[in-house]
There are 2 protein chains.
Amino acid sequence: MIRAELVVRNLREVVTLREGPRPRVGDAMRELSIVDRGAVAVDRGRVAWVGAERALRSAVRLRAGGGVHDGAGGVLLPGWVDAHTHVLFAGNRAFELPLKVAGVSYAEIAARGGGLYATVRATRSATDAELLDSAARRVRAMRASGTTALEVKSGYALDHAGELRLLRLIPRLARRTGLPLVPTYLGAHAVAPEFRGRPDAYVDAVVRRTLPAVSRAGLARFCDVFCEPGFFTVRQSERILRAAARLGLGLKVHADEFVLSGGARLAARLGAQSADHLLAAAPDDRERLAAAGVTAVLLPVTAFALGGARRAPAREMVDAGVPVALGSDCSPNSWVESMPVVLAQAVHGGRMTPAEAITAATVNAAHASGLEGAGTVAVGRSADFAVYPVGSATEIGYRFDVRPTAVYRQGKSVSSA
Amino acid sequence: MIRAELVVRNLREVVTLREGPRPRVGDAMRELSIVDRGAVAVDRGRVAWVGAERALRSAVRLRAGGGVHDGAGGVLLPGWVDAHTHVLFAGNRAFELPLKVAGVSYAEIAARGGGLYATVRATRSATDAELLDSAARRVRAMRASGTTALEVKSGYALDHAGELRLLRLIPRLARRTGLPLVPTYLGAHAVAPEFRGRPDAYVDAVVRRTLPAVSRAGLARFCDVFCEPGFFTVRQSERILRAAARLGLGLKVHADEFVLSGGARLAARLGAQSADHLLAAAPDDRERLAAAGVTAVLLPVTAFALGGARRAPAREMVDAGVPVALGSDCSPNSWVESMPVVLAQAVHGGRMTPAEAITAATVNAAHASGLEGAGTVAVGRSADFAVYPVGSATEIGYRFDVRPTAVYRQGKSVSSA
C-alpha cells in the first residue's frame with residue numbers, strides 16, 4: 001500500500017502529460033495522457049500515485065491526519081509553467097493607452113523615452129520592499145490562476161548595480177511566494193540611459209562587467225537579449241550571448257517581435273534554449289528552429305496588445321515541427337497574470353488546439369525554462385497541480401477565463417491570491 | 001447626519017459615472033466623474049452618500065451593527081452591466097476548435113449542422129434544473145468578476161414551447177443569482193431545424209405565434225434578430241422587429257457581424273435600442289447609427305474568437321459619435337464571464353481608452369439594456385459596485401485580467417463565485 005497525506009478524487013480527468021527528454025513537437029503536442037475518472041495521491045509534497053479512482057482504495061492508504069480533496073467532478077492538470085515573464089517591475093503604464101489608441105507603436109513610444117524607459121525609472125527608484133511587494137502580488141495572482149513555476153527576467157534597471165539587485169530579489173520573491181522562479185539576466189533589454197547613443201559601449205559593459213558578476217554570484221540560469229532594431233543588432237546580441245554561453249548560462253532571445261531582423265536565425269545558430277515572440281519570423285526560420293530543436297516561446301497576449309492584425313504564429317510553428325511553449329510576458333506592456341487567459345489567446349488568436357496549448361504551457365514551458373520534471377503529474381515529481389471546474393481539459397483555452405477551484409504546490413493548497 | 005448600514009472607505013478613487021437621460025457619446029465617454037480618496041455609504045441596499053473620505057465622519061453615522069469595508073487603497077466602480085449575453089444554454093463546443101483551427105468559418109460550421117444547432121440540441125434536451133444550474137454557475141462567475149446586471153437572450157430552443165421555456169427560466173435565474181436580468185426574445189437566432197429550408201414559414205411562426213405569446217405573458221423586454229446571410233434577411237428581420245415593436249417590445253439587431261448585409265442600417269431605420277456586433281458595418285452606417293441615437297453594442301471577445309484580423313470597431317464608432325456599449329456575448333461560441341477581460345479586449349483590440357471602455361460597460365450598457373439608473377454609483381440608486389486592487393480605474397482595461405476583491409449587490413457582499 002502506498003501511504004498518502006493527501007488524496008484528490010472525484011475528478012472527471014487527470015491530465016498527467018508524461019515528461020520526456022525533449023520538448024514535444026507536432027502531433028505529440030496533442031497527447032495529454034489523460035486518466036479518465038482519475039485520482040492523485042500525494043505524500044511528502046510529491047505525487048505518490050496516479051490512477052483510476054476505482055483502483056484508489058486498493059492502492060493507497062491515507063495517513064492519520066491526511067486529507068481528501070473532492071474535485072467535484074472537475075479536471076486536474078499540472079501547474080502551469082510560465083516560460084517568459086518580466087514580473088519584477090515597479091509602476092504601471094496605463095497612461096500610455098491614449099498614445100497606443102492613437103496608433104503610436106511600441107518602438108516609437110520607447111524612442112520617445114516612454115515605454116520601457118518609464119518602467120526603468122520607476123523600478124530604479126523603487127525600494128526592495130516595494131519591488132518585492134508588487135511582484136509578489138502578481139506572482140500570487142498567477143498562482144491563484146494555476147501557475148506553479150515561472151521564469152523571471154531582470155532588465156528594468158539596466159545599470160550594473162541595478163541589474164544585480166533585481167537578480168538578487170528573485171530568490172527572495174521565490175521564498176515569499178513559494179514558487180520556483182527561474183532567473184534570467186536581461187541586461188540587454190535596452191541600452192541603459194547612461195549609454196544613450198553608445199550601444200556598443202553598453203554591450204561592452206554587459207559583456208565585461210555585469211555578465212561575469214552575474215555568473216560569479218550564480219544569479220541567473222539564462223541570459224536573454226532583445227534583438228530588434230532600436231534595441232540590439234544581431235551582431236551585438238551574438239556577442240552578449242556567446243559571452244554568456246562561455247560562462248555557462250543558457251541562452252534566450254527576444255527574436256523578430258516587430259520586424260524580421262535575424263533573431264530567430266541567431267537563436268538557431270547558437271542552439272539557444274528558446275527564441276521568444278517571433279511575430280515577424282520568416283517561414284524558413286521555422287525550419288531552422290525545428291532543425292536546431294530551439295523552443296519557440298510564444299506570447300499571444302503581447303501579440304494582441306501590439307494592435308493591428310498581429311497573432312502569435314502558433315499554428316505555423318507547431319505545423320513546422322518547432323517545439324512551442326507559452327508565456328504570459330507579464331510586464332507593464334502586457335499585464336496578464338492568468339495562464340488560462342494566455343491559453344485562450346493562443347487558441348483563438350494563435351490557432352492552437354486546446355491540447356497543444358496545454359502542452360505548450362506545461363511540459364514544453366518547463367523545458368524552455370530549464371525546469372525538466374515540472375509541468376507533469378508524475379510519481380516522484382513535486383505535487384504541483386490545480387483543479388478546474390470544467391468537464392474536460394479541452395475547455396481550457398476554449399473558454400476565455402477559466403479559474404481553478406484549487407491550486408496545490410508541493411502538495412499544499414495555495415489557492416488564495 | 002445620514003445613517004448607513006455599510007461604509008466603504010480607504011479608496012484611492014470612487015468612480016461614480018453620473019447617469020444621464022441618454023447614453024454618452026464622444027468625449028463624454030471619457031468622463032468618469034471620479035471622487036479622489038472617496039468613500040461610499042449604503043443604507044437599505046441603496047447608496048446613501050458619496051463623497052471625499054475626509055467628509056465622511058461629519059456626514060455619515062453608522063447604524064448599530066453596521067459594517068465598514070476597508071478598500072485597502074483600491075478603486076470602487078459601479079457594477080458592470082453586460083449588455084449582450086446568451087448565458088442560458090447547455091453543453092459546450094470545445095470540440096469545434098480543431099475545425100476552427102483548420103480555418104472553417106462560424107457560418108460554415110453552422111451550415112454543417114454544428115455550431116449553433118449543436119447547442120440547440122443540447123439545450124432542448126436539458127432539463128430546467130440542468131439549464132438553471134449551468135447558467136447560474138456562469139452568472140455567479142460573472143458576478144465574482146464585478147458584473148451586477150446583464151441582458152440574457154433566448155434563442156437556443158427556437159421552437160415555440162422551447163423559447164417560452166427559456167424565457168420563463170430567466171426570472172428564476174435572476175432569483176437564483178440575485179442579479180437583475182433583462183430578458184430578450186431571440187427566436188430568430190437561426191431558422192428552427194423543423195423549418196429547415198423554409199425560413200419564411202419560420203418567420204411566420206415567430207410573428208404570428210411566438211411573439212404574441214411572449215408579449216401576452218410579459219416574458220421579454222426586447223426582441224432581437226440575427227440579421228445575416230444564412231440566418232435572416234433584412235426583409236425577414238424587419239418583419240419580425242416591426243411586429244415586436246407593435247407589441248411594445250424594444251428592438252435589438254445582431255447586425256453586420258460577418259458581412260455587410262444591412263443590419264445596422266435596419267437598426268437605424270427602426271430606431272432600435274441597439275445594433276450589436278457590427279464588425280462589417282460600413283463607415284456610413286456609423287453616421288446612421290449616430291444620427292438615430294442607436295447604441296452600438298460591441299462584443300470584442302467574439303470578434304477575436306472569429307480569428308483572422310477582426311477587431312471590434314470601437315474606436316471608429318466612438319469617433320463617429322455613436323454611443324458604444326460593451327457585452328461579453330457569453331455563449332458556447334465566445335465563452336467569457338469576466339467583464340474586465342472584455343474591457344481589455346475592447347482597449348487593446350478595439351482601441352478604446354480604458355475610460356471609454358468603463359463608460360461603455362456601465363452607463364451606456366445600462367441604457368442599451370433598458371436599465372437606466374444602473375451602472376452608476378449615485379445616491380438613491382441600488383448599491384451595486386465592486387472594489388478593485390488597482391491604483392487607478394484606468395488600470396482596468398489596461399491590465400488583461402483584473403479581478404475585484406469585493407462585489408456588492410444591493411449593498412450585500414456577493415463576491416464568491
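Residues numbered from 1 in each chain as written. Chains lettered and ligands numbered in written order. Predicted model: local features only at pLDDT ≥ 70, side-chain atom pairs only at ≥ 80, totals over all residues. Heavy atoms only, no water.

Colleague: Can you explain helix H4 (residues 116–125) of chain B? Please cite residues and give values.
Modeller: Along H4 of chain B, the positions that sit buried rather than exposed are Leu-116, Tyr-117, Ala-118, Thr-119, Val-120 and Thr-123 of chain B. Those residues of H4 of chain B that are buried are in contact with helix H3 (106–111), helix H5 (128–144) and helix H6 (160–177) of chain B. (Buried < 20%, exposed > 50% of the residue type's maximum accessible area, 1.4 Å probe, protein only. Helix = DSSP H or I, 4+ residues; strand = E, 2+ residues; numbered from the N terminus. Contact = heavy atoms within 4.5 Å.)

Colleague: Please provide a residue-by-residue account of the interface of chain A and chain B, values included.
Modeller: Each side of the interface is counted separately: chain A has 41 residues, and chain B has 41 residues. Carbon and sulfur atoms supply 60% of the area that chain A and chain B bury against each other, a total of about 3,400 Å² over both sides. In this assembly, chain A and chain B are joined by two salt bridges. With a closest N to O distance of 3.6 Å, Glu-337 of chain B and Arg-399 of chain A form a salt bridge. (Buried area = accessible area lost by both parts, 1.4 Å probe. Salt bridge = Lys/Arg side-chain N within 4 Å of Asp/Glu carboxyl O.)

Colleague: Give a detailed account of the relation of the copies chain A and chain B, specifying residues and quantitative values.
Modeller: Structural alignment of chain A on chain B gives an RMSD of 0.0 Å, achieved by rotating through 180° and translating 0.0 Å along the axis. A rotation of that kind, with that shift, is consistent with a two-fold axis. Among all C-alpha atoms of chain A, that of Ala-309 of chain A lies closest to the rotation axis, at 2.3 Å. By residue overlap, the copies meet face to face through one surface: 100% of the interface positions of chain A are interface positions in chain B. (Least-squares fit on C-alpha atoms with pLDDT ≥ 70 in both.)

Colleague: Break down the environment of Leu-266 of chain B for me, citing the residues and quoting the values.
Modeller: Mapped onto the fold, Leu-266 of chain B is located in helix H9 (residues 263–270). Along the primary structure Leu-266 of chain B and Val-152 of chain B are separated by 114 residues, whereas in three dimensions their C-alpha atoms are 22 Å apart.

Colleague: Describe the pairing of strand E9 (residues 222–227) of chain B, listing the residues and the values that go with them.
Modeller: Residues and elements named next belong to chain B. Most of E9 is tucked away, with six of its six residues classed as buried. As defined by bridge partners, strand E8 (residues 181–188) adjoins E9 across three bridges and the pair is classed as parallel. Counterpart to Ala-188 in the pairing with E9 is Val-225. Each parallel crossover has a hand, and for E8 linked through helix H7 (residues 199–216) to E9 it is right-handed. Bridge count for E9 against strand E10 (residues 250–255) is six bridges, and the pairing is parallel. Within the sheet, the bridge partner assigned to Phe-226 lies in E10 and is His-254. Regarding the hand of the β-α-β motif, the stretch spanning E9, helix H8 (residues 234–246) and E10 is right-handed. (Pairing = 2+ DSSP bridges. Right-handed = clockwise from strand over helix to strand, strands pointing away.)

Colleague: With reference to specific residues and values, describe the sheet that holds strand E12 (residues 295–298) of chain A.
Modeller: Residue and element names in this part refer to chain A. Ordered by their spatial adjacency, eight strands build an open sheet running E6-E7-E8-E9-E10-E11-E12-E13, and the pairing between neighbours is parallel. Each edge of the open sheet is held by one strand with a lone partner, namely strand E6 (80–82) and strand E13 (324–326). With strand direction ignored, the average angle separating the axes of adjacent strands in the sheet is 25°. Pairing analysis gives three bridges linking E12 to E13, with the strands arranged parallel. The residue of E13 that forms the bridge with Val-297 is Ala-325. Running at roughly 170° to strand E8 (residues 181–188), helix H6 (residues 160–177) makes contact with strand E7 (147–153) and E8 of the sheet. Packed onto the sheet, helix H7 (residues 199–216) meets E8 and strand E9 (222–227) and runs at close to 155° relative to E8. (Axes fitted to C-alpha atoms, helices over the stretch in contact; angles between N-to-C directions.)

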